[in-house]
Structures are given as C-alpha cells and as structure tokens.
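For reference, the chains in residue letters:
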Amino acid sequence: MLPQFSYIRPDTLDEAISHLQKGDAAIHAGGTDLLGCLRERTITSSKIVSITGLKDMADIRETTDGGVSIGALATISDIGDNQLISKKYPGLARSAAEVASPQLRNQGTLGGNLCQKPRCWYYRGEFHCLRKGGYQCFAMGGENQFHAIFGHNQICAITHPSDMAPILVALGATVKVAGPKGKRSIAVEDLYVLPADDVQAETVLNLGEIITRILIPAPPPGLYTSYRKIRARRAWDFALAGVALALVMNGNQVSRAHIILSGAAPVPWRSTEAEQALTGKTLSSKTIDQTARAAVAKATPLDKNGYKVDMFRGMLTEELHKVLTGAHGEVPLR
Ligand SMILES: Cc1cc2nc3c(=O)[nH]c(=O)nc-3n(C[C@H](O)[C@H](O)[C@H](O)COP(=O)(O)OP(=O)(O)OC[C@H]3O[C@@H](n4cnc5c(N)ncnc54)[C@H](O)[C@@H]3O)c2cc1C
Ligand code: SF4
C-alpha cells in the first residue's frame, strides 16, 4: 500500500527547488520508479514534488555545435523514436529501446531513468541492509547471482539499473542541474557514487537539485556507437550484462575507444583496461580477444555470479566483431 504523502505540482523551477530544499521531499517525473519505491518504503518522503508542470524540459533539440540537448522530462520512447538521435547516436536510441516495456518507456523520463533507485532484491524487500542504514550487506553471503562483479569493494554489490546511463557516459554527456545554490553541470560519468565513497548515495546530487537537461557533444567523424544488453528473460528485465560502445574509427583503426559495462557494477562501469587495449590499434580478431580479456581481468565476482565474467568477455567479443565485419547495421557516421 502507498503511504500518505502530500503532492505539489509547481509551475516554475524555483518553486520546485524551494519545496525540495526543505527536505523530506522527493521528485516525481514519470513516477514509474518512484511509486514502487514509496510502496516498498525505500523512499519515505512525506512530500512529492512533481516536476511535470515545468516548461521547456521535455524537448529534444540540436545544439549549435552539432550536439544534442535532451530535456530531463523527455520520455524514453521520445528518445528511442527521435530521428536526430537515431542518426547521430544509434547506440543511445538502441539503449532506449532496451528499457523495460513500451508502457514504461512511454511514461518514464530520461531524468528518472538516470536517477532511479537500484534493484537489489534485499534493498527492495524488507531487509534493513547497509544501503538503508543497516549494518550488513545481505547479498555478500546471500543470493548474489544478479549482483556486481566490479566496484563493490565487498561493501554493496548493487548493479546500476539504467540502460541509458552507460551509453551517455560513453558519449561524454553531461547533465545540467539546477538547485538552491544555482546551476551546475556534471559529467554523467561523475554523477554516480561508488559504495566505498558513500554506501547510501546513488548520485552526487545535493538536496533540492533537479536535473534539467542532458547535453551530448557533437559526434566526431567516424563515431560508431552501440548498446547491447543480455537479460534473463526476453520480456522486460534489467541487464544481467550490457556493453555500450562509442568508438572513433578510421577504417579499421580505433583512434578512441569508450567502453562502458552495464549490469556490472554499482555505477556504469568504465573499462579503462579494455579501452587501453583497443585505443590506437587496428581492429582484428587478435586485438578483439585482447580487449575482451582485458575487460574482465580485474573482475571480483561473488559466490554466485562468476558466470558474468564469461558473459562480458563473450559479449564484448561479439560486439567488436560486429564492428569489424560491419554486421551491426549501425554504420559509422562519416
Ligand atoms: C517493471 C520495470 C522494469 C524496468 N526495466 C528497466 C530496464 O530494463 N532498464 C532500465 O534502464 N530501466 C528500467 N526500469 C526503470 C525505468 O526505466 C525507470 O523507472 C524510469 O526511467 C524512471 O523514470 P520516471 O520518469 O518514471 O522517474 P520517477 O519514477 O518519477 O523518478 C525516479 C527517481 O528519479 C528521481 N528523479 C526523477 N526525475 C529527476 C530529475 N529530473 N532530477 C533529479 N532526480 C529525478 C526521482 O526523485 C526518483 O527517485 C524499469 C522499471 C520498472 C518499474
Ligand atoms: S547489495 Fe547493497 S543494496 Fe543489496 S543488500 Fe547489499 S548493501 Fe543492500
């Protein structure tokens, strides 16, 4: 059952921020995650501040430098269907198509997708675990088959739930944020918090801060982007393992490689080892094999999720072979 809460739908950003900065309040965008969190008591705010009445926050437009600016209230369907995005960043359009079900994509927004709460079944259940302020991570010695193999530090092994954050990190996107102290920009890569830094925070957003827009830089010549996700069921499900690629190609030469793993770590996981193995190299079966091995070399799987190591290696091998053979259907932009 939903707890009792008051509901406010301000018309202006300033009004929304002033309600939020008083504390004990949560932002409502599409509500697809928030309502579940309220029901499960993972969010216990007594005031819900809907940002759906705010103007100019749902559009998708080209920037003067050839990039794209997406309002935080743009729905995931809007992003998946947008021609500009499909043309410039096919991997982002693909990631939108991989999110949940059509109904959830129609209702859920990009801002909400980036800020949704993690899906660990202990956290979403009745367990008072570390992330909820308790003394123990129940997943460490428990049912951890869907949990992280990187970045958990034996503290908390959630996997970051968003399918869209990894490709936005790969593309070098930033979020624009408005809050009580004014406006600021944060690289999507820096938006998220590892358990070793703060086990109870998922993002670096401060009290009262709202993501207003997401900015993606112009695609450089030769940019190739893709997102691949493996899930346990063919129906809607979160990523068991996923990989977002943003490669800058010159023929088969890789001049820049951004490789981000999803379903891997508490944050979208940048595989610097894989990026280093690929950057400056000619794409070949040998370099692909070296890159895929490098991606998992530092994995620290838990008791029941060792299968993810092979899954990531195999998936990255397949995705890079698609680049090599042009089998992906996502032609590099020239
Ligand atoms: C059954 C189910 C399956 C799903 N499967 C997937 C999946 O496969 N892949 C995937 O990526 N996601 C999946 N999701 C998550 C879904 O994508 C999110 O629920 C959705 O994107 C959230 O968007 P929303 O607008 O509804 O956010 P809300 O539910 O309104 O908000 C979510 C959170 O973000 C905060 N928030 C919202 N907007 C902002 C903003 N502009 N600035 C700061 N904070 C904000 C809210 O306070 C809240 O904590 C699934 C969800 C469900 C319920
Ligand atoms: S993995 Fe994190 S969220 Fe899950 S039980 Fe452990 S501390 Fe809690």
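Rules used throughout
- Position labels on residues start from 1 in each chain and follow its written sequence.
- Here the convention is simple: chains get letters from A, ligands get numbers from 1, in the order in which they are written.
- For a predicted model such as this one, the threshold for reporting local features is a pLDDT of at least 70, and the threshold for listing and counting side-chain atom pairs is 80 or more; totals across whole chains, interfaces and linings nevertheless cover every residue.
- Only hydrogens and water are set aside when side-chain values are computed; all heavy atoms of the structure are taken into account.
- Note on definitions. A residue lies near a molecule or strand when any single heavy atom of the residue is within 4 Å of it.
- N or O atoms within 3.5 Å of each other form a polar contact, as long as, within protein, one can give a hydrogen and the other can take it, and as long as residues adjacent in sequence are counted only when both atoms are side-chain atoms.
- For accessible areas, the Shrake-Rupley method is used with a probe of radius 1.4 Å. Any residue's cover is judged against the shown protein chains and nothing else.
- Helical segments are the DSSP runs of H or I of at least four residues, strand segments are the runs of E of at least two, and each set is numbered from the N terminus.
- Asp, Glu, Lys and Arg are counted as charged, while Ala, Val, Leu, Ile, Met, Phe, Trp, Tyr, Cys and Pro are counted as nonpolar; the rest, among them Gly, fall into the polar class.
- Think of a salt bridge as a Lys or Arg side-chain nitrogen and an Asp or Glu carboxyl oxygen that are within 4 Å of each other.
- Here the term buried applies to any residue with accessible area under 20% of the maximum for its type, exposed to any over 50%, and partly exposed to those in between, with areas from a 1.4 Å probe on protein chains only.
- Working definition: rings of Phe, Tyr and Trp (its six-membered ring) pair if their centres are within 6.5 Å, and the pair is stacked with planes under 30 degrees apart, edge-to-face with planes over 60 apart, and tilted otherwise.
- Counting as a charge over the ring demands two things of the Lys NZ or Arg CZ atom: a distance within 6 Å of the ring centre and an angle within 35 degrees of the ring normal.
- Paired strands, in this sense, are two strands between which DSSP finds at least two bridges.
- Whenever a helix is involved, its axis is fitted only over the stretch in contact; in every case the axis is a line through C-alpha atoms, and angles between N-to-C directions fall within 0 to 180 degrees.
- Here, two residues are considered to be in contact whenever any of their heavy atoms come within 4.5 Å of each other.
- What pLDDT conveys is the predictor's confidence in a given residue, as a value from 0 to 100.
- Expected helix span is taken as 1.5 Å per residue step, with the number of steps being one fewer than the number of residues.

## As for the site of ligand 1
Point 1. In the vicinity of ligand 1 there are 34 residues, among which I27, G30, T32, T109 and D163 approach most closely.
Point 2. A distance of 2.7 Å separates an oxygen atom of ligand 1 from a polar atom in the backbone of I27.
Point 3. Within the backbone of A100, an N or O atom sits 3.1 Å from an oxygen atom of ligand 1.
Point 4. Alone, ligand 1 offers 970 Å² of accessible surface; in the complex the protein occludes 93% of this.
Point 5. Only β2 (25-28), α7 (110-115) and β8 (210-216) provide two or more residues apiece to the shell around ligand 1.
Point 6. Examining the composition of the shell around ligand 1, we find that four residues originate from one element, α7, more than from any other.
Point 7. Classifying every residue of the shell around ligand 1 gives 17 nonpolar, eleven polar and six charged.

## Considering the pattern of salt bridges
Point 1. Considering all chains together, one arrives at 22 salt bridges under this definition.
Point 2. A salt bridge links E209 to R184; the shortest N-O distance between them is 2.7 Å. Highlighted residues: E209 in the loop between α10 (188-191) and β8 and R184 in strand β7 (residues 182-187), separated in sequence by 25 residues.
Point 3. Taking the relative accessible area as the measure of exposure, E209 reaches 10% and is therefore buried.
Point 4. Ionic pairing is found between D237 and R233, a salt bridge with its closest N-O pair at 3.4 Å.
Point 5. With relative accessibility at 19%, the residue D237 sits in the buried group.

## Side note on the packing of aromatic side chains
How two aromatic rings sit relative to each other is set out by the distance from centre to centre and by the angle between their planes.
Point 1. If you walk through the whole model with that rule in mind, you get five aromatic pairs.
Point 2. Judged by centre distance (6.1 Å) and plane angle (35°), the rings of Y122 and F138 are tilted. Here F138 lies in the loop between α8 (121-124) and α9 (164-170) and Y122 lies in helix α8, a separation of 16 residues in the sequence.
Point 3. Residue class for Y122 comes out buried when judged on its relative accessible area of 11%.
Point 4. A network of ring pairs unites the aromatic residues Y122, F127 and F138 as a single cluster.
Point 5. Sitting over the ring of Y123, K132 keeps its end group 5.9 Å from the ring centre.
Point 6. Positioned above the aromatic ring of W236, the side-chain terminus of R233 is 4.9 Å from the ring centre.

## Quick word on the sheet that holds β8
Point 1. Pairing in this open sheet of five strands is antiparallel, and the strands run β4-β5-β8-β6-β7 from one edge to the other. In the strand order of this sheet, the two ends are held by β4 (60-62) and β7, each with one partner. Sheet twist, expressed as the average angle between the axes of neighbouring strands with direction ignored, equals 20°.
Point 2. As paired strands, strand β6 (residues 174-179) and β8 are joined by five bridges and run antiparallel to one another. Across the sheet, residue V175 finds its bridge partner in β8, namely I214.
Point 3. Where helix α1 (residues 13-21) meets the sheet, its contacts fall on β6 and β8, and the angle it forms with β8 comes to roughly 125°.

## Focus: the confidence of the model for the chain
Low-pLDDT stretches of the model should not have their predicted coordinates read in fine detail.
Point 1. Taken as a whole, the chain shows an average pLDDT of 96; of its residues, 98% reach a score of 70 or greater.
Point 2. The low-confidence segment residues 330-334 (pLDDT under 50) makes 18 contacts with residues lying over four places distant or belonging to another chain.

## With respect to the sheet that holds strand β3 (residues 47-50)
Point 1. Taken together, three strands build an open sheet; the order of strands is β1-β3-β2 and the sheet is parallel. Unpaired on one side and paired on the other, β1 (6-8) and β2 mark the two borders of the sheet. For this sheet, the mean inter-axis angle between neighbouring strands, taken without regard to orientation, is 25°.

## Remarks on helix α12 (residues 285-296)
Point 1. For α12, which comprises twelve residues, the first-to-last C-alpha distance of 17 Å matches the rise-based estimate of 16 Å (1.5 Å per residue) to within 8%.
Point 2. Residues of α12 that are buried include every one of T287, I288, T291, A292, A294, A295 and V296, and no others.
Point 3. For α12, the elements touching its buried residues are β11 (253-262), α11 (272-278) and α13 (307-325).

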